[in-house]
Amino acid sequence: MNVVFAVKQYISKMIEDSGPGMKVLLMDKETTGIVSMVYTQSEILQKEVYLFERIDSQNREIMKHLKAICFLRPTKNVDYIIQELRRPKYTIYFIYFSNVISKSDVKSLAEADEQEVVAEVQEFYGDYIAVNPHLFSLNILGCCQGRNWDPAQLSRTTQGLTALLLSLKKCPMIRYQLSSEAAKRLAECVKQVITKEYELFEFRRTEVPPLLLILDRCDDAITPLLNQWTYQAMVHELLGINNNRIDLSRVPGISKDLREVVLSAENDEFYANNMYLNFAEIGSNIKNLMEDFQKKKPKEQQKLESIADMKAFVENYPQFKKMSGTVSKHVTVVGELSRLVSERNLLEVSEVEQELACQNDHSSALQNIKRLLQNPKVTEFDAARLVMLYALHYERHSSNSLPGLMMDLRNKGVSEKYRKLVSAVVEYGGKRVRGSDLFSPKDAVAITKQFLKGLKGVENVYTQHQPFLHETLDHLIKGRLKENLYPYLGPSTLRDRPQDIIVFVIGGATYEEALTVYNLNRTTPGVRIVLGGTTVHNTKSFLEEVLASGLHSRSKESSQVTSRSASRR
Amino acid sequence: MRTCPGTNSAVRSHLSDFKKHRAARIDHYVVEVNKLIIRLEKLTAFDRTNTESAKIRAIEKSVVPWVNDQDVPFCPDCGNKFSIRNRRHHCRLCGSIMCKKCMELISLPLANKLTSASKESLSTHTSPSQSPNSVHGSRRGSISSMSSVSSVLDEKDDDRIRCCTHCKDTLLKREQQIDEKEHTPDIVKLYEKLRLCMEKVDQKAPEYIRMAASLNAGETTYSLEHASDLRVEVQKVYELIDALSKKILTLGLNQDPPPHPSNLRLQRMIRYSATLFVQEKLLGLMSLPTKEQFEELKKKRKEEMERKRAVERQAALESQRRLEERQSGLASRAANGEVASLRRGPAPLRKAEGWLPLSGGQGQSEDSDPLLQQIHNITSFIRQAKAAGRMDEVRTLQENLRQLQDEYDQQQTEKAIELSRRQAEEEDLQREQLQMLRERELEREREQFRVASLHTRTRSLDFREIGPFQLEPSREPRTHLAYALDLGSSPVPSSTAPKTPSLSSTQPTRVWSGPPAVGQERLPQSSMPQQHEGPSLNPFDEEDLSSPMEEATTGPPAAGVSLDPSARILKEYNPFEEEDEEEEAVAGNPFIQPDSPAPNPFSEEDEHPQQRLSSPLVPGNPFEEPTCINPFEMDSDSGPEAEEPIEEELLLQQIDNIKAYIFDAKQCGRLDEVEVLTENLRELKHTLAKQKGGTD
């Protein structure tokens, strides 16, 4: 149940099977991303893969001394590869499709291969972005129109999810969130593929069958709206992670080679060790890293006078070079994070966010929001998200003062785009659409827990929030997840507690949820969870998702909806 | 569902399906190509230049029926209407019609190339490369023909063949295939070399790292020189990799049309990955210690082992003491209260006696244990393998050896346990027998002592023989190491309280496994590897070294005192220090090393007047025998002491040994040593001859 490993294995196998010799890797846009998540350039170079080309690039030279490994999604790429085979540019072709390919496509390929250059045609199901060992994404932003799937995205998601199941060799039972039509639809599509390709899904039966749980983001719109304080999540929230890449070009005074950095736990030890730690811990760790670096910095560096000396030095100390790269990268990233934190007054904002998410004191929350809205350091983005959190939490509170806050936003000069988003978010993830109660835990244990929490005070006010997913998974693991809220697809149900769990969130997961899953995996022996989403969100991308769902078009009535439902109650 | 081996994920192959579809298609394609080539062959089979155009046309028409002019009013390729000005042209290969503009031409060289290649591919697969310019030639031809619009009506094609674009296309593809088969670009050649070098590094580097790690740890398994040679070799390969990749990087940079950017990218990437490779691997090549450092390391390691052993010895000593107490409780018969004294009772009389019996047993039971035989064989295999530099084998052999030794230990222990059960019953009987035998045996032992000490195999057998008589029941089950330690420790109690019996009881064990341990106990310099080797071929020197000490402690007080200083000198003097310099080269061969230490202590010892006085009966031979410097000098020295003619067997043995040394020395290239040894050998043979004459 390690998705990074699974994809990496596929790629390694492709490269291995092509034998010795110089190789070129022919990919499409998506598979380029898939490969880049699991292999670094230097790693893949060692396997004699020297060139990376896009199948749709027209400017490729005929290089008959290269072997071509084609890793493609089975889309219109089939046409490209057919053209390629008619006029082959490389000696021999090893063709791998990332998903199921039709028989007719195989036939057209075969007929195009008049020069007999194809040595392999296979399906290798690496059809998803492996972010962390327990986290995958499909990089789809805006998967739904209204409450329903965008058909193209549904098919892509189905492909991605079935590929994941195949790569992990799981033929699961499926549960879905009843309140979401999209979840049900996806569950049915996955089931359909499993039925159609039953031969592929014939795995050795395990005692307890694996479980696929399909959730919808709209059940928990809170989590993606919160500021984050663990390294990976925080970087994504404040800087944005895109296929492990971080764009630092907007950082003031950034040096040229740090405009874009890669944060990959696979080959960055510091990142691997710190990605789940909180900001304060990272601060001290980065200090240690610096000190370590200073120590390791060879003494003879003073002697490096000429350029030749320095070049020789760098060539002789690749580890040093690697380390200096790591150091400067993390120092820059952490430096930028802390700059943003103080510039945007994020500590204070986050405290109120956490209060909004975790506590039920309406008046204090309202007061705090009002206070922050007056603070000129608080950006319109953060102001809007505070109001969004308020709107979600106190949607039906008797003394709901959302209109007043909206006025405050307007007075603060927050643009209409954000103000509109407040109602759109409520529309997207408000009480009306939620299948479960996000804010007030009902079972006795949870209430006691919260009570105790209140007594003890919290260890860290900035990380009190537990994503709703935690509760869902906790119940699932204990066999207490309600079947009336999360029914099984089909007649059979799981009698034992599940062991291998794949959770998929339509509308995108978050890194906070990934951390939750990571901790659950660590603390629950015998249970292995993999989390996936149509994408991995930060607040910004989540708001884009909300926008793309088109729900904001109805936003004008949304306040009426709220009040109407409030009055109905 | 199929799983690809090596991954834990599902895969599905469409290859068989693909091949089926392709095969159907390819058959068709191949038939098409072959048809064209056969026709081309017919068209070029006659001498075109000396044939009239009308006749050519007739032949051409016979090859493929031409399409009727009337049937084709428009050019099928460009759609232009045929007229007087836009005349029809026939493809000579398929008979179809096209206009002048759409017509292609095949030059004769190209035609020849295509036909000859296919002919050859029928007979052999290696075809000599035809003129590679034919493509350009043919293209040029077609261009020029197009420009010469003023072509005559019955234009004669004496050096080219007209054809349609489709046929030309097919033929050009075919030509390309032929070219690719023959042509390997420079980059491929260089790249192949580069990969070979990398493979070599992957092969050699781990071996070197193993060596360097071992040497840096002060072990003497590998030779320092050998390692540094290997280092140089590996470094040379690195240089080659660097040079090759640089060459690849600059390939074609000076060509006029600069190579395609992706070619350049490829070259850069190869260079980059080669640099990465060198950086990564070169960094892993730890440096070797210098000779001085190596000495230092060796010493340190020895000291450490020493310390470890001392701790273990302490433990063994304690357990021994406990055993002895129990034994004395059990058997109260002997005056000294020791079971072992049964046999060894008179031992205190003569210092050498303590370990004579062990050797005495030797000759009698040489081949009795197949395990020992095996151990012996393997030891010699190891030596040979080392000499041949096959380190892999050495490792496996050493592993085998260790297993064998373990096995043997266990076997011995079991045997001893069994024997000890019977011991009680036999004891009385034995005592009587022994009493009778003792006198006789002592005599014999004295003679055989030398033989024994020279003889490896027998030494261990010895133990077996003694087992029934000597080993106390409680002692047997102990491990090999314990024995060794036991032995090492034994002198302590015996010297403090001159209880010789205890010593004698340990002696059998010492013979079996002990020599190195004893040697080390006393002389920290003695080499460790020996112990690992177990009963090595010639651990005599070790034994020799230890023997003086043994004597010193066990012998009569006078001798002991007199010898003590010498023993101490040995300890402090550390004769190995100098030797090591020489030995370094042979470090891979632990058998040689022990040889050299011997001379120093002994030359000293021999000069020691007191020793000679106190121990006239001590056979000196064991000490000198293994010394490769000059055993014979020693021999003559000790000869008078022993006051006995050298046994023939002993001499023969020695000759064998020396021969082995010579072999070793030759293997290691130490010619000076070879000389000395040969000298020794000659002397030895001489002595043998003389003795034979004497005894006869």
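Since the model is a prediction, treat every value here as computed from it, not as a measurement. Per chain, residue numbering runs from 1 following the sequence as it is written. Whichever chain is written first is A, and whichever ligand is written first is 1; the rest continue in order. Where totals are concerned, whole chains, interfaces and linings use all residues; where local detail is concerned, this predicted model gives features only for residues with pLDDT of at least 70, and gives and counts side-chain atom pairs only at 80 or more. Each side-chain value is derived from all of the structure's non-hydrogen atoms; neither hydrogens nor water enter the calculation.

This part covers the overall build of chain A. Counting from the N terminus, the helices are the DSSP runs of H or I reaching at least four residues and the strands are the DSSP runs of E reaching at least two. Across its full length, chain A carries 22 helices and 18 strands. When the 569 residues of chain A are sorted by exposure, 57% land in the buried category. A total of about 24600 Å² of accessible surface is found on chain A, and carbon and sulfur atoms cover 50% of it. Each residue is placed in one exposure class: buried if its accessible area under a 1.4 Å probe, protein chains only, is under 20% of its type's maximum, exposed if it is over 50%, and partly exposed if it falls in between. Note that accessible areas follow from Shrake-Rupley with a 1.4 Å probe, and for residues the cover is restricted to the protein chains shown.

On a plain count of helices and strands, chain B comes out with 28 helices and six strands. When the 696 residues of chain B are sorted by exposure, 52% land in the buried category. The contact criterion used throughout is that any non-hydrogen atoms of two residues lie within 4.5 Å. Taking all contacts inside chain B whose residues are at least 6 apart in sequence as the whole, residues at least 24 apart take part in 77%. Of the roughly 32500 Å² that chain B leaves accessible, carbon and sulfur atoms contribute 54%.

Another aspect to go through is the sheet that holds strand β15 (residues 500-506) of chain A. Residues and elements named next belong to chain A. The pairing criterion is simple: DSSP has to find at least two bridges between the two strands. Across the sheet, which stays open at both edges, the six strands sit in the order β6-β7-β17-β15-β11-β10 with mixed pairing between neighbours. At either margin of the open sheet sits one strand with a lone partner, and together these are β6 (129-132) and β10 (173-176). The mean angle between the axes of side-by-side strands here comes to 25 degrees, regardless of whether they run parallel or antiparallel. Relative to strand β7 (residues 135-137), β6 runs antiparallel, the two being bridged by three bridges. The residue of β7 that forms the bridge with asparagine 132 is leucine 135. The convention used is that axes are lines fitted to C-alpha atoms, helices contributing only their stretch in contact, and that angles between N-to-C directions extend from 0 to 180 degrees.

With that settled, the discussion passes to the side chain of serine 167 of chain A. Mapped onto the fold, serine 167 of chain A is located in helix α6 (residues 151-167). In the analysis that follows, any N or O atom pair within 3.5 Å is treated as a polar contact, provided that within protein one partner can donate a hydrogen and the other can accept it, and provided that, for residues neighboring in sequence, both atoms belong to side chains. Side chain to side chain, serine 167 of chain A and tyrosine 128 of chain A meet in a polar contact 2.7 Å long. Beyond its immediate sequence surroundings of up to four residues, serine 167 of chain A is in contact with Ala6, Tyr10, Tyr125 and Tyr128 of chain A together with Asn8, Ser9 and Ala10 of chain B.

Okay, the sheet that holds strand β14 (residues 260-262) of chain A next. All names here are of chain A. Strand order across the open sheet formed by three strands is β12-β13-β14, with antiparallel pairing between neighbours. Across the chains shown, the open sheet's two edge strands, defined by having one partner strand only, are β12 (241-242) and β14. Of the strand pairs in this sheet, β12 and strand β13 (residues 245-247) are connected by two bridges, and their pairing is antiparallel. Of the residues in β13, the one forming a bridge with isoleucine 241 is isoleucine 246.

Once that is clear, we can look at the interface of chain A and chain B. Taken together, the contacts link 59 residues of chain A with 44 residues of chain B. Each partner contributes to the roughly 4900 Å² buried at the junction of chain A and chain B, and carbon and sulfur atoms together form 57% of this total. As used here, buried area is the combined drop in accessible area, with a 1.4 Å probe, of two parts when they are placed together. Of all residues in chain A, Met22, Tyr50 and Glu114 of chain A bury the most surface against chain B, accounting for 13% of the area lost on that side. Salt bridge, as used here: a side-chain nitrogen of Lys or Arg that lies within 4 Å of a carboxyl oxygen of Asp or Glu. Connecting chain A to chain B are nine salt bridges. Between glutamate 197 of chain A and arginine 12 of chain B there is a salt bridge whose closest N-O contact spans 3.0 Å. In this structure, the connection of chain A to chain B is made through 15 residue pairs in polar contact (both at pLDDT 80 or more).

Quick look at the pattern of salt bridges now. By the definition in use, this model includes 45 salt bridges over all chains. Glutamate 43 of chain A serves as the salt-bridge partner of lysine 8 of chain A, at 2.6 Å between the closest nitrogen and oxygen. Of this pair, lysine 8 of chain A sits in helix α1 (residues 3-17) while glutamate 43 of chain A sits in helix α3 (residues 41-45), placing them 35 residues apart in sequence. Arginine 309 of chain B is paired through a salt bridge with glutamate 306 of chain B; the nearest N and O atoms lie 3.5 Å apart. You can see arginine 309 of chain B and its partner glutamate 306 of chain B sitting in helix α9 (residues 291-330), three residues apart, about one turn around the helix. One salt-bridge network, in which partners are shared between bridges, spans Glu237, Arg344, Glu353, Asp382 and Arg385 of chain A.

All right, on to the nonpolar core then. Only buried residues count toward a nonpolar core, which is a set of Ala, Val, Leu, Ile, Met, Phe, Trp, Tyr and Cys residues joined through side-chain atoms within 4.5 Å. Formed by 165 residues in total, the largest nonpolar core has its most connected members in Ile11, Ile214 and Ile506 of chain A. With ten residues, the top contributor of residues to this core is helix α15 (residues 380-393) of chain A. In this structure, isoleucine 506 of chain A is in contact with Cys143, Cys144, Trp149, Ala182, Ala183, Leu186, Ile214, Leu215, Asp216, Arg217 and Thr534 of chain A, ignoring residues within four places of it in sequence. Within the second largest apolar cluster, 52 residues are counted, among which are Val78 of chain A together with Cys197, Val237 and Leu251 of chain B.

Next up on the list: the packing of aromatic side chains. Residues and elements named next belong to chain A. In this scheme Phe, Tyr and Trp rings, the latter by its six-membered ring, pair at centre separations within 6.5 Å, and the angle between planes marks the pair as stacked below 30 degrees, edge-to-face above 60, and tilted otherwise. Evaluated as defined, the whole model comprises 14 aromatic pairs over all chains. A centroid spacing of 5.5 Å and a plane angle of 50 degrees characterise the contact between tryptophan 229 and tyrosine 462, whose relative ring orientation is tilted. Taken together, the positions of tryptophan 229 in the loop between β11 (211-216) and α8 (231-238) and tyrosine 462 in the loop between α18 (444-456) and α19 (468-477) put the pair 233 residues apart, joining distant regions of the chain. With a relative accessible area of 6%, tryptophan 229 lands in the buried category. Through a chain of ring-to-ring contacts, the aromatic side chains of Tyr10, Tyr96 and Phe124 assemble into a single cluster. When the ring centre of tyrosine 39 is taken as origin, the NZ or CZ atom of lysine 8, which lies over that ring, is 5.1 Å away. Whether a charge lies above a ring is judged from NZ of Lys or CZ of Arg, which has to be within 6 Å of the ring centre and within 35 degrees of the ring normal. Lying across the ring of tyrosine 488, arginine 175 places its NZ or CZ 4.5 Å from the centre.

Okay, the confidence of the model for chain B next. Residues and elements named next belong to chain B. As a per-residue measure, pLDDT tells how confident the predictor is, with possible values from 0 to 100. Overall, the prediction assigns chain B a mean pLDDT of 63, with 49% of residues at 70 or greater. Within the model, the stretch residues 333-367 combines pLDDT values under 50 with 116 contacts to residues more than four positions away or in other chains. With pTM at 0.62, the complex prediction returns an ipTM value of 0.80.

Right, let's get into helix α7 (residues 181-196) of chain A. Since the α-helix turns once every 3.6 residues, residues separated by three or four places project in the same direction. Residues and elements named next belong to chain A. Counted at 1.5 Å a residue, the expected span for α7 with its 16 residues is 22 Å, and the 23 Å between its end C-alpha atoms agrees. Those residues of α7 lying buried are Ala182, Ala183, Leu186, Ala187, Cys189, Val190 and Ile194. Burial along α7 is one-sided: seen end-on, the buried residues are contained in an arc of 165 degrees. Facing away from the buried side of α7 by over 90 degrees, the exposed positions are Gln192 and Lys196. Where α7 is buried, its residues contact β8 (144-145), β9 (148-149), α6, β10, β11 and β15. Structurally, the start of α7 carries an N-cap: the backbone nitrogen of alanine 182 is 3.3 Å from a side-chain oxygen of serine 180. To estimate the expected span of a helix, subtract one from its residue number and multiply by 1.5 Å. Directions are taken from the helix axis to each C-beta atom, and the arc is the one they span.

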